[in-house]
Amino acid sequence: MNKNEKFVITINREVGTGGRTVGRKLAEKLCVKYCDKAVIDGLTKKFGLTPERIEEIKAQKKSWWNDINTYYQTLVGSASLPMEAEVKLDNATMFETEKRILQELAAQSSCVVAGRTGFMVFREWPNHLSVFIQASMQHRIKRVMRRQDVSEQEARDIIAKIDATRETYIKKYEDTSRYDTRNYHLVITMDDLTEDDAAEIIKDYIERTSKLAAPSL
């Protein structure tokens with residue numbers, strides 16, 4: 001990946017690994033936009049977006065991304081920001097809407113995307129780095145117990161349900177598994193790392209691959 005050109009980094013992660021925080025910290029270190037479920041849901045509801053609506057707004061003379069980007073800045077700092085519209089979409093429409101929003105954001109500027117089937121959405125995207133964040137089950141259980149204030153069994157149940165839901169969602173649209181490491185350029189295990197450690201590892205990887213990608217003089 002070449003950090004000196006427009007890029008997109010996708011962070012897919014197992015629940016209970018801190019992958020979302022890793023993505024946010026990485027975006028801060030790189031000084032680029034950060035997108036996750038809260039951001040995409042917020043943009044969808046605020047602007048009443050569907051694939052068709054996106055095309056309609058883009059066809060207008062005004063630059064709709066000025067409005068999107070302005071709202072994005074306020075939304076990132078407040079995932080609970082009240083929405084002006086309530087948009088309910090079926091799964092297929094939501095997937096296509098998320099895909100279009102993410103690709104439009106990436107076309108505007110470099111960004112880090114956490115979750116949201118990023119490795120699929122940007123598989124053929126130029127200058128894309130795909131990362132998977134994983135951890136041992138015990139590490140994940142302890143983190144979920146601590147962050148959600150639940151028992152060990154409740155944490156196990158939460159992890160099992162989310163793992164199954166995410167895998168089912170991926171398989172609905174792609175003939176692959178989110179656990180197939182061939183979908184990623186870099187896989188990080190969090191057991192002995194902090195979120196800052198992981199963000200630094202990814203940043204270092206980017207620095208090294210950028211040197212390899214730079215044209216020789």
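The structure contained in this document is the topic of the report that follows. (Residues numbered from 1 in each chain as written. Predicted model: local features only at pLDDT ≥ 70, side-chain atom pairs only at ≥ 80, totals over all residues. Heavy atoms only, no water.)

In this section: the overall build of the protein. Broken down by element type, the protein carries 9 helices and 5 strands. Mapped in sequence order, the helices and strands of the protein form the string β-α-β-α-α-α-α-β-α-β-α-α-β-α. The burial tally for the protein puts 47% of its 217 residues in the buried class. Pairs at least 24 residues apart make up 73% of the contacts formed inside the protein by residues separated by at least 6 positions. Surface accessibility of the protein: about 11500 Å² in total, with carbon and sulfur atoms responsible for 49%. (Helix = DSSP H or I, 4+ residues; strand = E, 2+ residues; numbered from the N terminus. Buried < 20%, exposed > 50% of the residue type's maximum accessible area, 1.4 Å probe, protein only. Contact = heavy atoms within 4.5 Å. Areas by Shrake-Rupley, 256 points an atom, 1.4 Å probe, with all protein chains shown as cover.)

The next subject is the packing of aromatic side chains. With the rule as written, the count across this model stands at 4 aromatic pairs. Aromatic side chains Phe 132 and Tyr 184 sit 4.9 Å apart centroid to centroid with 25 degrees between the ring planes, which places their arrangement in the stacked category. Separated by 52 residues along the polypeptide, Phe 132 in strand 4 (residues 128–134) and Tyr 184 in the loop between helix 8 (152–173) and strand 5 (186–189) bring together distant segments of the chain. A single burial state applies to Phe 132 and to Tyr 184, both of which are buried. Here the aromatic residues Phe 119, Phe 132, Tyr 179 and Tyr 184 are joined through ring pairs into a cluster of three or more. The ring of Tyr 179 has Arg 178 lying over it, and the distance from NZ or CZ to the ring centre is 5.2 Å. (Phe/Tyr/Trp six-rings, centres within 6.5 Å; stacked < 30°, edge-to-face > 60°. Lys NZ or Arg CZ within 6 Å of the ring centre and 35° of its normal.)

Our next topic: helix 8. An ideal rise of 1.5 Å per residue puts 32 Å on 22 residues; helix 8 measures up with 33 Å between its terminal C-alpha atoms. Buried within helix 8 we find Ala 155, Ile 159, Asp 163, Glu 167 and Ile 170. What you see down the axis of helix 8 is that its buried residues fit within an arc of 85 degrees, all on one side. Opposite the buried face of helix 8, at more than 90 degrees from it, the exposed residues are Lys 161, Thr 168 and Lys 172. (Expected span 1.5 Å × (residues − 1). Arc of directions from axis to C-beta.)

Positive phi outside glycine occurs at Asn 127, with the angle close to 55 degrees. Locating Asn 127 in the fold gives a position in the loop between helix 6 (118–121) and strand 4. Judged by its relative accessible area of 17%, Asn 127 is buried. For Asp 149, which is not a glycine, the phi torsion comes out positive at approximately 55 degrees. Tracing the backbone shows Asp 149 in the loop between helix 7 (137–148) and helix 8.

With that settled, consider helix 7. Along its 12 residues, helix 7 runs 16 Å from first to last C-alpha, staying within 8% of the 16 Å computed at 1.5 Å per residue. Inspection of helix 7 places Arg 140, Ile 141, Arg 143 and Val 144 among the buried residues, and these make up the whole buried set. In a view along the axis of helix 7, the buried residues occupy a sector of 170 degrees, so they form one face of it. Counted as exposed and oriented over 90 degrees from the buried face of helix 7: Lys 142 and Arg 146. On its buried face, helix 7 sits against helix 1 (19–30), helix 8 and helix 9 (195–213).

Viewed as axis vectors pointing N to C, helix 1 and helix 9 meet at an angle of 50 degrees, and their least axial separation amounts to 8 Å. In this view, helix 1 runs oblique relative to helix 9, as classed from their interaxial angle. Between helix 1 and helix 9 the crossing geometry is right-handed. Where helix 1 approaches helix 9, its residues Thr 21, Val 22, Lys 25, Leu 26, Lys 29 and Leu 30 are matched on the opposing element by Glu 195, Asp 196, Ala 198, Ala 199, Glu 200, Ile 202, Lys 203 and Ile 206. Per-class residue counts for the contact of helix 1 with helix 9 are 7 nonpolar, 1 polar and 6 charged. (Axes fitted to C-alpha atoms, helices over the stretch in contact; angles between N-to-C directions. Parallel < 35°, antiparallel > 145°, perpendicular 65-115°, else oblique. Left-handed = near helix turned anticlockwise from the far one by under 90°. Nonpolar A, V, L, I, M, F, W, Y, C, P; charged D, E, K, R; others polar.)

This is a description of form; function is not addressed.
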